[in-house]
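This is what each chain is made of:
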Amino acid sequence: CSKMSCGRGALIVLEGVDKAGKTTQCKKLVQALIASGRPAEMMRFPDRTTKIGQLISAYLEKKSNLEDQTVHLLFSANRWELVPEMREKLERGISLVVDRYAFSGVAFTSAKPGFSLEWCMNPDVGLPKPDLVLFLQLHPTAASQRGQFGAERYETSDFQRVVMQRFEHLMKDPSLNWQVIDAAKSIEELHAEIKTHSETAIAMAENQPIGELWK
Ligand code: TMP
């Protein structure tokens, strides 16, 4: 048992379109949770450090080409390969703050022509279910004012607009604890809001088993 809890840690996911500030907020949240005596660690998907992650990274950097189906399944496999480590940490009482998860997986692939939401969701069915999904909402115009997109695949405003529509569809699922946050706010305001939601989710998760996503 740590100072503040005896139960499992919470799985907290941050999602949003590119430039919404997910990575900054994940880091600040982990620091704040640790400072308040709640063990926490950050993770990110794709995790580019594994063998599968390196295949994904080369694809995103346009150093390799893969079929859309192939890369979709690699993104999912990259989550599944980390599940044992995630479960072990959650059970030790460590909360995980995750930069993107299966929702990005579904939103990005289903934004491509010819992909149904259902096909895209299937490989991720049964992953550890997040106790909280924070969606950093940012209007495409506001996103474009935050500077140019990089050179990676998917970094165009047209594609991101479709991705946003797919996220909006996923957010209608009442079996998940979605919290939509206005990412146009200042970094500190955003952080305060995210921290409050996270503390509630951690308290609620403590005495509950880890759920299964989309099951
Ligand atoms: P990153 O910029 O957060 O490292 O994410 C890399 C890109 O990969 C980003 O454009 C979103 C995309 N992506 C997918 O297409 N499928 C996924 O499952 C994940 C996690 C990310």
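The preceding data block contains the structure.
Residues numbered from 1 in each chain as written. Predicted model: local features only at pLDDT ≥ 70, side-chain atom pairs only at ≥ 80, totals over all residues. Heavy atoms only, no water.

**Student:** Please provide a residue-by-residue account of the site of the ligand, values included.
**Tutor:** With respect to spatial proximity, 13 residues lie near the ligand, and among them Arg48, Phe75, Arg79, Arg100 and Gly105 are the closest. Here Arg79 contributes a side-chain N or O atom positioned 2.8 Å from an oxygen atom of the ligand. One of the backbone N or O atoms of Gly105 is found 3.3 Å from an oxygen atom in the ligand. The protein chains hide 92% of the 480 Å² of surface that the ligand would expose on its own. Put simply, the parts of the chain that give the shell around the ligand at least two residues each are helix H3 (68-80) and helix H5 (102-110). For the shell around the ligand, the element with the highest residue contribution is H5, accounting for three residues. (Near = heavy atom within 4 Å. Polar contact = N/O pair within 3.5 Å; in protein donor to acceptor, adjacent residues only side chain to side chain. Areas by Shrake-Rupley, 256 points an atom, 1.4 Å probe, with all protein chains shown as cover. Helix = DSSP H or I, 4+ residues; strand = E, 2+ residues; numbered from the N terminus.)

**Student:** Just give me the short version of the sheet that holds strand E3 (residues 95-99), but keep the residues and values in it.
**Tutor:** Here we have five strands laid out as an open sheet, ordered E2-E3-E1-E4-E5, and parallel in their pairing. The open sheet has two edge strands, strand E2 (40-44) and strand E5 (178-182), and neither has a second partner. The average undirected angle you get between the axes of adjacent strands in this sheet is 20°. With four bridges joining them, strand E1 (residues 11-16) and E3 adopt parallel strand pairing. Bridging across to E3, Leu14 finds its partner in Asp99. Taken strand by strand, helix H1 (residues 22-35) contacts E1, E2, E3 and strand E4 (132-137), and its axis lies near 165° from that of E2. Here H5 sits on the sheet and contacts E1, E4 and E5; the angle it forms with E1, its principal contact strand, is near 25°. (Pairing = 2+ DSSP bridges. Axes fitted to C-alpha atoms, helices over the stretch in contact; angles between N-to-C directions. Contact = heavy atoms within 4.5 Å.)

**Student:** Tell me about helix H9 (residues 187-205), residues and numbers included.
**Tutor:** Its 19 residues place the ends of H9 26 Å apart at the C-alpha level, agreeing with the 27 Å of an ideal helix rising 1.5 Å per residue. Taken together, the buried positions of H9 are Leu190, His191, Ile194, Ser198, Ala201, Ile202 and Ala205. All buried residues of H9 fall inside an arc of 100° around its axis, so they share one side. Considering only its buried residues, H9 is in contact with E1, H1, E3, E4 and E5. (Expected span 1.5 Å × (residues − 1). Buried < 20%, exposed > 50% of the residue type's maximum accessible area, 1.4 Å probe, protein only. Arc of directions from axis to C-beta.)

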